[in-house]
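Tertiary structure, described
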Amino acid sequence: MKLAFVGLGVMGFPMAGHLARAGHDVAVFNRTGAKALRWAETHKGRAVSTIAEATAGAEALILCVGADDDVRQVTTEGLEALAVGAVIIDHTTTSAVLARDMANLASAAGRSFVDAPVSGGQAGAEAGKLTIMCGGDPAAFARAEPVMAAYAQAIRHMGPAGAGQLTKMVNQICIAGVVQGLAEGMHFARRAGLDPVEVLGAISKGAAQSWQMDNRWPTMAQGRFDFGFAVDWMRKDLGLVLDEAAANGAQLEVTRLVDSFYAEVQAMGGSRWDTSSLVARLEPPA
């Protein structure tokens, strides 16, 4: 397929690479043009200087940008240049309201929009093993799914426009609670005079096991937070969650509390630390 890919951050760069390796004709655009040129050199693809150039005649536009305003801007700028019937696949984590607005905008122009936030982080993007939760018209999802298969291990259609973003919010609620539990468990183990590595060996095969425990407990014990999903990004996502909860009446006491803990980590200078840095507010780095 002829594809346009916008947003070459730590996730988008490898995702677009998987599309090129799958044989698609990929044109990439990034606000920092040097990154687009580096991608083109790495993957023997095409870097372009405008969104309109990237989307000209494309059968699909894939977005992996920053926030609601970025998605709105790119979609508005690129919509008319896309081929009639093209699908926009948005991997940005945004509000469900934005997803519904963009779906309506695309539909009015004879195109379609799928909100498709991802889980799996940079490692999942690089390995091509992301989990993708999607919202949108079933026919639009059917067109988008083969494209996303290049970098996903699991893709699920959750319902109408916005359902993908709402599912991603559930994902972030669950992660926030688990990481805080791990931070407190680590802190308690140390105060009790236990070796965190031995504790991990004892509990990681039982009911306490989780992806976060398997992948983040060892680095939390070492005070290593220079990788993974940044605190700034998590706070953006939790802000979306809490806004949605205010509208639908969900009671998210733990999520709100963990968000305040992440604010403390930011104040410590940890804005770009991995989300597992919640333990740092209990055991500040030396």
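It should be noted that the structure appears before, not after, this text.
The structure contained in this document is the topic of the report that follows. Nothing here was measured: the structure is a model prediction, and the numbers come from that model.

1. Comments concerning the overall build of the chain
- Assigned secondary structure in the chain consists of 13 helices and nine strands.
- Whereas a compact globule of 286 residues would reach a radius of gyration of roughly 19 Å, the chain reaches 20 Å, a difference of no more than 12%.
- Projected onto its principal axes, the C-alpha coordinates of the chain cover approximately 65 × 45 × 35 Å.
- Residues classed as buried in the chain amount to 49% of the 286 residues present.
- In the chain, of all internal contacts separated by at least 6 residues, the share reaching a separation of at least 24 is 64%.
- Accessible surface computed for the chain: about 12700 Å², of which carbon and sulfur atoms make up 55%.
- Within the chain, the 29 negative side-chain charges are centred at a point lying 4 Å from the centre of the 24 positive side-chain charges.

2. A closer look at the nonpolar core
- In this structure, Phe5, Ile62, Ile132 and Met148 are the most contacted members of the largest nonpolar core, which totals 32 residues.
- Elements supplying a minimum of two residues to this core: β1 (2-6), α1 (12-21), β2 (25-29), α2 (33-43), β4 (60-63), β5 (87-90), β8 (130-135) and α7 (138-148).
- It is α7 that provides the largest number of residues to this core, a total of five residues.
- Non-local contacts of Phe5, meaning those with residues more than four positions away in its chain, are made with Gly12, Met15, Ala16, Leu19, Val26, Ala27, Val28, Phe29, Ile62 and Cys64.

3. Some words on the packing of α1 against α2
- It is at 10 Å that the axes of α1 and α2 come closest, and there the two elements cross at 35°. In this structure, the crossing between α1 and α2 has a hand that is right-handed. Taken together, the residues of α2 that come into contact with α1 (itself represented by Phe13, Ala16, Gly17, Ala20 and Arg21) are Lys35, Arg38, Trp39, Thr42 and His43.

4. Focus on the packing of aromatic side chains
- Inspection of every chain in the model, using the stated rule, returns two aromatic pairs.
- Seen from their ring centres, Phe225 and Trp273 are 5.7 Å apart, and the 35° between their planes marks the pair as tilted. In this pair, Phe225 is assigned in the loop between α10 (211-222) and α11 (231-248) and Trp273 in the loop between α12 (253-267) and α13 (278-282), connecting sequence segments 48 residues apart.
- The buried category is assigned to Phe225, whose relative accessible area is 7%.
- Its relative accessible area of 21% is what places Trp273 among the partly exposed residues.

5. Considerations on the side chain of Asp70
- Along the chain, Asp70 turns up in helix α4 (residues 68-78).
- At a separation of 2.9 Å, a polar atom in the side chain of Asp70 contacts the main-chain amide nitrogen of Ala67.
- Every residue in contact with Asp70, bar those within four places of it in the chain, is listed here: Arg31 and Val65.

6. Focus: unusual backbone geometry
- One non-glycine residue, Lys44, lies in the positive phi region at around 55°.
- Mapped onto the secondary structure, Lys44 falls in the loop between α2 and β3 (46-47).

7. Considering the environment of Asp90
- Position of Asp90 relative to the elements: it lies in strand β5.
- Beyond its immediate chain neighbours, meaning those up to four positions away, Asp90 contacts Leu63, Val71, Phe113, Val114, Asp115, Ala116, Pro117 and Gln165.

8. Things to note about helix α8 (residues 163-191)
- Helix length check: α8 (29 residues) gives 43 Å between terminal C-alpha atoms against 42 Å at 1.5 Å per residue, within 8%.
- Remark: Gly193 follows α8 within two positions and exhibits a positive phi of approximately 80°.

9. A few points about the packing of α4 against helix α5 (residues 96-108)
- Relative to each other, α4 and α5 sit at 5°, their axes nearing to 11 Å. Relative to α5, the element α4 is oriented roughly parallel. For the pair α4 and α5, contact is made by Asp68, Val71, Arg72, Thr75 and Thr76 and by Leu98, Asp101, Met102 and Leu105, respectively.
- Its residues placed into classes, the contact of α4 with α5 shows four nonpolar, two polar and three charged.

Rules of the game
All residue numbers refer to positions counted from 1 along the written sequence of the respective chain. The model is predicted, so local features are restricted to residues of pLDDT at least 70 and side-chain atom pairs to those at 80 or more, both for listing and for counting; the totals for chains, interfaces and linings are taken over all residues. Note: side-chain values were computed over all heavy atoms of the structure, leaving out hydrogens and water. Think of it this way: any DSSP run of H or I at least four residues long counts as a helix, any run of E at least two long counts as a strand, and we number them from the N terminus. Every radius of gyration here is taken over C-alpha atoms, with the globule rule written as 2.2 Å times N^0.38, N being the number of residues. Three exposure classes are used, based on accessible area relative to the maximum for each residue type with a 1.4 Å probe and protein chains only: buried under 20%, partly exposed in between, and exposed over 50%. Whether two residues are in contact is decided by their heavy atoms, any of which lying within 4.5 Å being enough. Surface accessibility follows the Shrake-Rupley procedure with a 1.4 Å probe radius. Residue values consider only the protein chains on display as shielding. Under the convention used here, Asp and Glu are negative, Lys and Arg are positive, and both His and the chain ends fall outside the count. Here the site of a charge means atom NZ of a Lys, CZ of an Arg, CG of an Asp or CD of a Glu. In this text, buried Ala, Val, Leu, Ile, Met, Phe, Trp, Tyr and Cys residues form a nonpolar core when linked through side-chain atoms within 4.5 Å. Lines are fitted to the C-alpha atoms to define the axes, a helix being fitted only along its stretch in contact, and any angle between axes, read from their N-to-C directions, falls within 0 to 180 degrees. Less than a right angle of anticlockwise turn of the near helix away from the far helix marks a crossing as left-handed, whereas a clockwise turn marks it as right-handed. Centres within 6.5 Å are what make two rings of Phe, Tyr or Trp a pair, Trp counting through its six-membered ring; a difference in plane orientation under 30 degrees is then read as stacked, over 60 as edge-to-face, and the rest as tilted. Residues adjacent in sequence count toward polar contacts only when both atoms are side-chain atoms; beyond that, a polar contact is any pair of N or O atoms within 3.5 Å, and within protein one must be able to donate a hydrogen and the other to accept it. A helix is expected to reach a length of 1.5 Å times the quantity of its residues less one. To sort the angles, those under 35 degrees are grouped as roughly parallel, those over 145 as roughly antiparallel, those from 65 to 115 as roughly perpendicular, and the leftovers as oblique. Only Asp, Glu, Lys and Arg are considered charged in this grouping, and only Ala, Val, Leu, Ile, Met, Phe, Trp, Tyr, Cys and Pro are considered nonpolar; every other residue, Gly among them, is considered polar.

Note that every value here comes from positions in space, so none of it alone points to a role or purpose.
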